[in-house]
Amino acid sequence: MMYAAIIRTIANDLIPDRVIPAAVPAAIPGNYCASLRVSHSSDHHFEYSGRDVIRVVCVIYIGKGAVELI
C-alpha cells in the first residue's frame with residue numbers, strides 16, 4: 001500500500017488529469033498488440049524491440065529535461 005501511494009503521488013505530479021481518461025482506453029488495445037508482437041517475435045526481434053523501447057523512453061526524458069532547462 002505504501003508503494004502505491006508513492007507512485008500515485010509521483011503520477012499526480014507528472015501526469016495532467018486530462019491525460020488519464022485517454023490513457024486508460026488506449027492501454028487495452030496497446031497491451032493486446034504488444035502481446036501479439038511478443039508471441040510472434042524471435043529472440044533476435046525481441047532484442048531489437050527492447051532497444052527501440054529504451055530509445056523512445058530516453059528521447060522522452062531527454063526532451064523533458066531540455067524543456068525544463070529552457
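Residues numbered from 1 in each chain as written. Predicted model: local features only at pLDDT ≥ 70, side-chain atom pairs only at ≥ 80, totals over all residues. Heavy atoms only, no water.

**As for the overall build of the protein**
We count it as follows: Labels follow the DSSP assignment, with helices taken as runs of H or I lasting at least four residues and strands as runs of E lasting at least two, numbered in each case from the N terminus. With a 1.4 Å probe rolled over the protein chains alone, any residue whose accessible area is under 20% of its type maximum counts as buried; one over 50% counts as exposed, and the rest are partly exposed. Here, Shrake-Rupley sampling with a 1.4 Å probe gives the accessible areas, and only protein chains in the shown set may cover a residue.
The helix and strand inventory of the protein stands at 3 helices and 0 strands. Element order for the protein, N to C, with α for helix and β for strand: α-α-α. Here the protein, with 70 residues, has 1% of them falling under the buried criterion. Just so you have it, the protein exposes about 6,400 Å², and 71% of that area is on carbon and sulfur atoms.

**A few points about the pattern of salt bridges**
Which entries qualify depends on this criterion: Every case where a carboxyl oxygen of Asp or Glu lies within 4 Å of a side-chain nitrogen of Lys or Arg is listed as a salt bridge.
Tallied over the full model, the rule gives 2 salt bridges. Two residues, Arg51 and Glu47, come together in a salt bridge whose shortest N-O distance is 2.6 Å. Of this pair, Arg51 and Glu47 are both found in helix α3 (residues 43–69), 4 residues apart, which corresponds to roughly one turn of the helix. A relative accessible area of 36% places Arg51 in the partly exposed class. Arg55 is the salt-bridge partner of Asp52, the closest N and O atoms lying 3.4 Å from each other. Residue Asp52 and its partner Arg55 are both found in helix α3; the two are separated by 3 residues, about one turn of the helix. With a relative accessible area of 42%, Asp52 lands in the partly exposed category.

**Side note on helix α2 (residues 20–39)**
Put simply, the rule is: Multiplying one less than the number of residues by 1.5 Å gives the expected span of a helix. Two axes enter the bend calculation: one fitted to the seven residues ending at the residue in question, the other to the seven starting there, and the bend is the angle between them.
Helix length check: α2, at 20 residues, gives a terminal C-alpha distance of 28 Å against a target of 28 Å (1.5 Å per residue), a fit within 8%. Helix geometry: α2 is bent most strongly at Ala27, by close to 30°, with proline Pro29 lying one to four residues after it.

**Description of a nonpolar patch on the surface**
Defined as follows: In this analysis, a patch consists of residues with relative accessible area above 30% that form no salt bridge, clustered at 9 Å for like charges and at 5 Å for the nonpolar side chains Val, Leu, Ile, Met, Phe, Trp and Tyr.
A contiguous nonpolar surface patch, about 490 Å² in accessible area, is contributed by Val53, Val56, Val57, Ile60 and Tyr61. Mapped onto the secondary structure, Val56 falls in helix α3. For Val56, a relative accessible area of 49% gives the class partly exposed.

**Focus: the confidence of the model for the protein**
Rules: Every residue gets a pLDDT, meaning the predictor's confidence in that residue, from 0 to 100.
Taken as a whole, the protein shows an average pLDDT of 79; of its residues, 83% reach a score of 70 or greater. Predicted confidence in the protein is weakest over helix α1 (residues 2–14), with a mean pLDDT of 68, and strongest over α3, with 84.

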